[in-house]
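The chain contents come next:
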Amino acid sequence: MKLKYLLGGAAMLPLLPVMYYQGKRVIASVPRLPDAAGPEGTEPGAGPPFRLVLIGESTMSGVGVATHAEGFAGAMARTLVQGLEREVQWKVYGRSGFTLKRLLHETLPEVTERSADLVVLGMGGNEAFKMNTPAGFRRDMQAVIDELRTMFGPDTPIVFPNMPPIKEFPAFTRVLKLTLGSMVEFFGRELATLIKGQPNLYYNAEVIRLADWTKRLNMNDDPTAFFSDGVHPSGLTYRTWGEDFGHFVLREVPLDRLPRSSYE
């Protein structure tokens, strides 16, 4: 896998000036949208509350929708309510543009919770945009995982959503889609390898294909409907992605075997 990255990096070197120029144009053309409002909420249900903490970059901070209830957190929480048949209390700590390093040193110190039933960590896009290396990605991701373990304990499941589908961003040029899209998919494979053998870590490694969503949702073939600004998700994407990931969690994470004390 390292060889593939090195070969890909070598092939990308001649494209760096083009990527730099095109990247600046994309940044200038994409409007700066705010993080979503309302970073915590409750989805009603029977039984003792299930506590969900979501941490990460712009997809977790809800860029592209007005409130988190319309974003990934709300959609995932509503899916968990249906599957668990219990109330879900959720809170989001998300910052647009943050890398793993910044999240470790700036976001995690802001997290007030020291217990949760489930932690969602949504990172990866900015690692590609900042062109982190495989070794740097593994080091930074493990440091964040270790800190979350210190904060929430070793028994709290940590789940990782799919990497963002950069190859399908309408605002990106063909060169940026190919290079950065391939890089974020590579980091996804690195993440799958990193967490293998580490207990209570779960990653949905499925690559998001908007053509599959279009077919499932009986939509016309219009990828722009999935984006608010050509880069960040629209309400439709957050709803579809949050529901899909909620079902992944219900299917893959043994939530019914959590210690009873975590519900009290």
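This section reports on the structure supplied with the text. (Residues numbered from 1 in each chain as written. Predicted model: local features only at pLDDT ≥ 70, side-chain atom pairs only at ≥ 80, totals over all residues. Heavy atoms only, no water.)

## As for unusual backbone geometry
In step 1: Phi angles above zero are rare outside glycine, and Glu85 is one such case at about 55 degrees.
In step 2: If you trace the backbone, Glu85 turns up in the loop between helix 4 (72-84) and strand 3 (88-94).
In step 3: A relative accessible area of 62% means that Glu85 is categorised as exposed.
In step 4: Within the chain, Asn218 stands out as a residue other than glycine whose phi angle is a positive 55 degrees. (Helix = DSSP H or I, 4+ residues; strand = E, 2+ residues; numbered from the N terminus. Buried < 20%, exposed > 50% of the residue type's maximum accessible area, 1.4 Å probe, protein only.)

## What to know about the pattern of salt bridges
In step 1: This structure, assessed with the given rule, holds 11 salt bridges.
In step 2: We note a salt bridge from Glu43 to Arg78, for which the minimum N-O separation is 3.7 Å. Linking Glu43 in strand 1 (residues 40-43) with Arg78 in helix 4, this pair joins segments that are 35 residues apart in sequence.
In step 3: With a relative accessible area of 31%, Arg78 lands in the partly exposed category.
In step 4: Close ionic contact of Arg95 with Glu110 constitutes a salt bridge, the shortest N to O distance being 2.6 Å. In this pair, Arg95 is assigned in the loop between strand 3 and helix 5 (100-107) and Glu110 in the loop between helix 5 and strand 4 (118-122), connecting sequence segments 15 residues apart.
In step 5: Looking at Arg95, the relative accessible area reads 29%, which means it is partly exposed. (Salt bridge = Lys/Arg side-chain N within 4 Å of Asp/Glu carboxyl O.)

## Examining helix 5
In step 1: Within helix 5 the residues assigned to the buried category are Leu100, Leu103 and Thr107. Each buried residue of helix 5 lies within a common arc of 80 degrees when the element is viewed along its axis, so the set occupies one face.
In step 2: Summarising the contacts, the buried residues of helix 5 are in contact with strand 2 (50-56), strand 3, strand 4, helix 6 (125-129) and helix 7 (134-152). (Arc of directions from axis to C-beta. Contact = heavy atoms within 4.5 Å.)

## Section: the sheet that holds strand 1
In step 1: With mixed pairing, the six strands of this open sheet are ordered in space as 1-3-2-4-5-6. At either end of the open sheet lies a strand with only one pairing partner, and these are strand 1 and strand 6 (201-203). Shown here is a sheet whose adjacent strand axes are inclined to one another by a mean of 20 degrees, direction ignored.
In step 2: As defined by bridge partners, strand 5 (residues 158-160) adjoins strand 6 across three bridges and the pair is classed as parallel. (Pairing = 2+ DSSP bridges. Axes fitted to C-alpha atoms, helices over the stretch in contact; angles between N-to-C directions.)

## Some remarks on the pairing of strand 4
In step 1: Taking burial as the measure, the five residues of strand 4 include five buried ones, the bulk of the element.
In step 2: Side chains Leu118, Val120 and Gly122 project from strand 4 onto one buried face, and the interleaved Val119 and Leu121 project onto a second face that is buried too.
In step 3: Where strand 2 and strand 4 come together, five bridges link them in parallel fashion. The residue of strand 4 that forms the bridge with Leu54 is Val120.
In step 4: Where strand 4 and strand 5 come together, two bridges link them in parallel fashion.

Don't take any of this as a statement about function, it's just geometry.
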